[in-house]
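Single-letter residue listing:
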Amino acid sequence: MSNEIPDRPEQSGLITALQVPRNAIIGVAVGIVLAIIVYLARIFEILGPFAGTRQYPVIGPEGWFIVLAFVLATSTALLVTTILTVVSAVRLIREL
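Let us look at the structure shown here. Computed from a predicted structure; not experimentally measured. (Residues numbered from 1 in each chain as written. Predicted model: local features only at pLDDT ≥ 70, side-chain atom pairs only at ≥ 80, totals over all residues. Heavy atoms only, no water.)

What about the overall build of the protein chain?
Okay, so step 1: Summing up its helical and strand segments, the protein chain has three helices and zero strands in all.
Okay, so step 2: Seen in sequence order, the protein chain has helices and strands lined up from the N terminus as α-α-α.
Okay, so step 3: When each of the 96 residues of the protein chain is scored for burial, the buried share is 18%.
Okay, so step 4: Contacts in the protein chain between residues at least 24 apart in sequence constitute 72% of all its contacts with a sequence separation of at least 6. (Helix = DSSP H or I, 4+ residues; strand = E, 2+ residues; numbered from the N terminus. Buried < 20%, exposed > 50% of the residue type's maximum accessible area, 1.4 Å probe, protein only. Contact = heavy atoms within 4.5 Å.)

What about helix 3 (residues 60-95)?
Okay, so step 1: Given a rise of 1.5 Å per residue, 36 residues ought to cover 52 Å, and the 53 Å separating the end C-alpha atoms of helix 3 matches this to within 8%.
Okay, so step 2: Among all positions in helix 3, only Gly60, Gly63, Phe65, Ala69, Ala73, Thr76, Ala77, Val80, Thr81, Thr85 and Ser88 are buried.
Okay, so step 3: Against the buried residues of helix 3 lie helix 2 (20-43). (Expected span 1.5 Å × (residues − 1).)

So, unusual backbone geometry
Okay, so step 1: Its identity as a non-glycine residue notwithstanding, Gln19 has a phi of 55 degrees, on the positive side.
Okay, so step 2: Looking at where Gln19 falls in the secondary structure, it is placed in the loop between helix 1 (12-17) and helix 2.
Okay, so step 3: Here Val58, not a glycine, exhibits a phi torsion of approximately 70 degrees, which is positive.
Okay, so step 4: With respect to the secondary-structure elements, Val58 resides in the loop between helix 2 and helix 3.

Let's talk about helix 2
Every α-helical turn comprises 3.6 residues, leaving residues that sit three or four positions apart pointing alike.
Okay, so step 1: When the terminal C-alpha atoms of helix 2 are compared, their 34 Å separation across 24 residues agrees well with the 34 Å that a helix rising 1.5 Å per residue should span.
Okay, so step 2: Among all positions of helix 2, only Asn23, Gly27, Gly31, Ala35 and Ala41 are buried.
Okay, so step 3: Looking at the buried side of helix 2, the elements it contacts are helix 3.
Okay, so step 4: Directly after helix 2, the chain includes Glu45, whose backbone phi takes a positive value near 50 degrees.

Description of the packing of helix 2 against helix 3
Okay, so step 1: Contact pair helix 2 / helix 3: the axes reach a minimum separation of 7 Å and the direction vectors enclose 150 degrees. In terms of orientation, helix 2 and helix 3 fall into the roughly antiparallel class. Two packed elements cross with a definite hand, and for helix 2 against helix 3 that hand is right-handed.
Okay, so step 2: Residue composition of the contact of helix 2 with helix 3, by class: 19 nonpolar, seven polar and three charged. (Axes fitted to C-alpha atoms, helices over the stretch in contact; angles between N-to-C directions. Parallel < 35°, antiparallel > 145°, perpendicular 65-115°, else oblique. Left-handed = near helix turned anticlockwise from the far one by under 90°. Nonpolar A, V, L, I, M, F, W, Y, C, P; charged D, E, K, R; others polar.)

Digging into the side chain of Asn23
Okay, so step 1: Locating Asn23 in the fold gives a position in helix 2.
Okay, so step 2: In this structure, Asn23 is in contact with Leu18, Thr81, Leu84, Thr85 and Ser88, ignoring residues within four places of it in sequence.

What to know about the side chain of Thr85
Okay, so step 1: Along the chain, the position of Thr85 falls in helix 3.
Okay, so step 2: Taking the relative accessible area as the measure of exposure, Thr85 reaches 16% and is therefore buried.
Okay, so step 3: When neighbours within four sequence positions are excluded, Thr85 is seen to be in contact with Leu18, Val20 and Asn23.

Now the structure itself:
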């Protein structure tokens, strides 16, 4: 029995073919821009005052909204990246 490990095929080829790095950059940019817009609209009450009477413990309302903006940015980035990668995969499949 040989102690050599068999060569594995290069796995970055699929990532490159599906343009995942480009899709991730676009997704992160869209997520950050959307989160900033929503955060500013909420903090500066661009769409009017908030009608709720809530208590925001520990970090106050601005702190909680920045946490929510982070969640919105990351989930939007993942969604946009996934959609763009699926579109790239469909295009590659149609080319075959």
